[in-house]
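Single-letter residue listing:
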Amino acid sequence: MNNVLDIVYWIPLLPLLGCIINGLGRKSLSKGAIGVIGSGVILASFILSLWAFFQVRAGNVHTAEYFPFINVGNLKIPFAFQIDQLSAIWLLVITGVGFLIHVYSTSYMHDEKAEHFGRYFAYLNLFVFSMLLLVMGANFVIMFIGWEGVGLCSYLLIGFWFKKKEYSKAANKAFIMNRIGDLAFLIALFMLINRLGTTTFSEIFTSASLAKLSGGEITAITLLLFVGATGKSAQIPLYTWLPDAMAGPTPVSALIHAATMVTAGIYMIARANLLFSMAPATLNVIAIIGIATALLAATIALKQNDIKKVLAYSTVSQLGYMFLALGSGAYVAAVFHVMTHAFFKALLFLGSGSVIHAMGGEQDMRKMGGLSRYMKVTNITFLLGCLAIAGIPGFSGFFSKDEILAGAFAKSPVLYALGLLGALLTAFYMFRLYATTFKGSFRGTQEQEHHLHESPAAITVPLIVLAILSVVGGFVGVPEFMAHGAHTLSDFLQPIFKDSYAVLPAHEVSHNTEWTLAGLSSILVIVVVVVAWSRFAKKPDLQPATGLGKVLENKWYVDELYDAIIVRPLNALGSFLGNVVDRKIVDGAVNGVGRLVSYGSRQLRWLQSGQTGSYILMMVLGMVLIFIVQFFLRK
């Protein structure tokens, strides 16, 4: 062993072992054993990730090669893991938040039969394994294996209750829409192999390798990679699968939205940051798509009544902000927001699960209200999550959101203005959700009110931990204009992005300007929070939506548009190909040949009459025919 980090293969291997044990033993293991195994392997991975993080922090950045994975001609792709500053951050988020979600699941899913309980934890462990493989891979091929793995696991977990047809449809939708992005990723991968003969990050991101690519090729490759990212990270136009992913159990929603799948696209672009920095046109596209997605999803969230749907569109919107940061060249801000978002979004989803658990499965906010009197811990932690995502000063979301807005301002004041609008919409819909759910009087049935209670410790303890992280998590990134040298995250990630910052045009924003921007956004957000709280706590939005509200409630009719211009035409084309081309033309041709052969054989069989005279006659005729050919026709 040349480096102590060579043992990092245990970080993904432990969740894989948990998946195998719980999957094979789901019919024989007790629920307690399944929960301990499923959660224990993630805890062990977290401890190892924490150790790896401190190794990296001490300067031990390492690429561990284990064996040749593909070795064909000049193409050599090793099975290797790269442990550096970027992967170390993601490892902590995936395993840390993932562990809390696993613990939460032991209580939330306890009513499932032992067999399905085991299947659930096997899928959950496999999900974490796939995401770890994605972020630890030292080349695009290993990353792509994990990339496909999280796509498969999302399908399995979204459709966990597969007997419900709409849940199976949601799983299919997620799987199919991600295949579109995955194809673009794969094409970009083939282009890199064709032009550079390698997929290894340390070999691609060098001046010698990048010099082999023309500007057009770099733009094409980065655009294709970005299309792949729009699928996994739910950006326009491939975002509609994510809100429908709410069909899965609530802890699954938390895992997908906070710690795993949707951050994959952000990670991939951050990993390939130098390549993207050399494609300014691609960065512009990323910034525009990011802010457009952030605003579109935020407007939809304004009129959703399903508590999980509000959070789902909130995730799409927050992912848009991360892409806005990437497109603005503010890579550290994007990674920072991934981390803080993991804390408060996992908290909010798990908090919504606690509410749904207490409400007996009810998800409509209009039938809730006044829950703060019955669920003290859930109420306080959920409120802290809302304050964090709204960007109230001092909370984690404030630091990461304002860093993104500052980066957007440096690129274009228009992007900043649109980003600020999205932040105000975020504060409004989140406190509409909070006030409608926890304030006012209870609007459910007497039976529901009778059963209202705080959730057990396995649910509330993860909420408390995530609430603490949502409050203090932002202090690793205190901006320079507030305190000199306090942005420890930026310092930690500096080796990852230093080459990009040398390539990108410098856009400096003065400290006075940053104070002004932060102050303006903070004041406006606080005003919006007060307005939303006072309005919806006293008079919840219970009436059917009309006009623009109806359009927003129906998600701008994007699903219907996709159905009209893509799904139904493809179904019609498939029906035509199946019923006309396949059955009548292809089958007709094949069956026609068969019938022709059958007919010919029936006619030829008459030659075999069994009469000697007929055979002698045919021999004579044949001899005559040969005589004619030989003496008269041949020259």
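Owing to the predicted nature of the structure, the values given are computational and were not obtained by experimental measurement.

A. Representation of the overall build of the protein. What the protein contains, in helices and strands, is 26 helices and 2 strands. Taking the principal axes of the C-alpha coordinates as reference, the protein spans close to 110 × 65 × 55 Å. The buried share among the 635 residues of the protein stands at 55%. Intrachain contacts of the protein at a sequence separation of at least 6 include 81% that bridge at least 24 residues. Put simply, the protein shows about 26600 Å² of open surface, and 67% of that area lies on carbon and sulfur atoms.

B. A look at a nonpolar patch on the surface. There is a patch of nonpolar side chains on the surface, built from L561, I565, I566, V567, L570, L573, F576 and L577 and spanning about 720 Å² of accessible area. If you trace the backbone, I565 turns up in helix α25 (residues 558–604).

C. Inspection of helix α21 (residues 457–472) at higher detail. Along its 16 residues, α21 runs 22 Å from first to last C-alpha, staying within 8% of the 22 Å computed at 1.5 Å per residue. When α21 is considered as a whole, its buried residues turn out to be I459, T460, P462, L463, L466, A467 and S470. Along the long axis of α21, the arc covered by the buried residues comes to 160°, so they all point the same way. Contact partners of the buried residues in α21: α3 (85–108), α16 (331–358), α17 (376–390) and α18 (396–411).

D. Spatial organisation of the pattern of salt bridges. Per the stated rule, a full pass over the model turns up 11 salt bridges. Here K401 ties to D402 by a salt bridge, and the two come within 3.4 Å at their closest N and O atoms. Looking at K401, the relative accessible area reads 6%, which means it is buried. K555 is paired through a salt bridge with D559; the nearest N and O atoms lie 3.7 Å apart. Through salt bridges with shared partners, a single ionic network connects E148, R179, D182 and K232.

E. Region of the structure containing the environment of F336. Relative to the assigned elements, F336 resides in helix α16. Owing to a relative accessible area of 0%, F336 belongs among the buried residues under this scheme. Separated by 153 residues in sequence, F336 and L489 have C-alpha atoms that sit 7.6 Å apart. With sequence-adjacent residues up to four places away left out, F336 is seen in contact with F399, S400, E403, G473, G474, V476, G477, H487 and L489.

F. Structural detail: the packing of aromatic side chains. With the rule as written, the count across this model stands at 37 aromatic pairs. Here W90 and Y267 contribute two aromatic rings whose centre-to-centre distance is 5.0 Å and whose plane-to-plane angle is 70°, an arrangement assigned as edge-to-face. Residue W90 is found in helix α3, and its partner Y267 is found in helix α12 (residues 264–271); the two are separated by 177 residues along the sequence. Under the relative-accessibility criterion, W90 is labelled buried at 1%. Summarising the aromatic geometry, the rings of Y434 and F438 are spaced 5.2 Å apart at their centres and angled 25° between planes, so their arrangement reads as stacked. Highlighted residues: Y434 and F438, both in helix α19 (residues 413–438), separated by 4 residues, approximately one helical turn. Look at Y434 and you get buried, because its relative accessible area is 1%. With relative accessibility at 0%, the residue F438 sits in the buried group. Each residue in the set Y9, W10, Y66, F67, F69, F79 and F81 is aromatic and connected to the rest through ring pairs, giving one cluster. Here R179 stacks its cationic end above the ring of F175, 4.2 Å away from the centre of that ring. Seen from the ring of F536, R432 lies directly overhead, with NZ or CZ sitting 5.9 Å from the centre.

Quick notes on the rules
- Residues numbered from 1 in each chain as written.
- Predicted model: local features only at pLDDT ≥ 70, side-chain atom pairs only at ≥ 80, totals over all residues.
- Heavy atoms only, no water.
- Helix = DSSP H or I, 4+ residues; strand = E, 2+ residues; numbered from the N terminus.
- Buried < 20%, exposed > 50% of the residue type's maximum accessible area, 1.4 Å probe, protein only.
- Contact = heavy atoms within 4.5 Å.
- Areas by Shrake-Rupley, 256 points an atom, 1.4 Å probe, with all protein chains shown as cover.
- Patch = residues over 30% accessible without salt bridge, like charges linked within 9 Å, V, L, I, M, F, W, Y side chains within 5 Å.
- Salt bridge = Lys/Arg side-chain N within 4 Å of Asp/Glu carboxyl O.
- Expected span 1.5 Å × (residues − 1).
- Arc of directions from axis to C-beta.
- Phe/Tyr/Trp six-rings, centres within 6.5 Å; stacked < 30°, edge-to-face > 60°.
- Lys NZ or Arg CZ within 6 Å of the ring centre and 35° of its normal.

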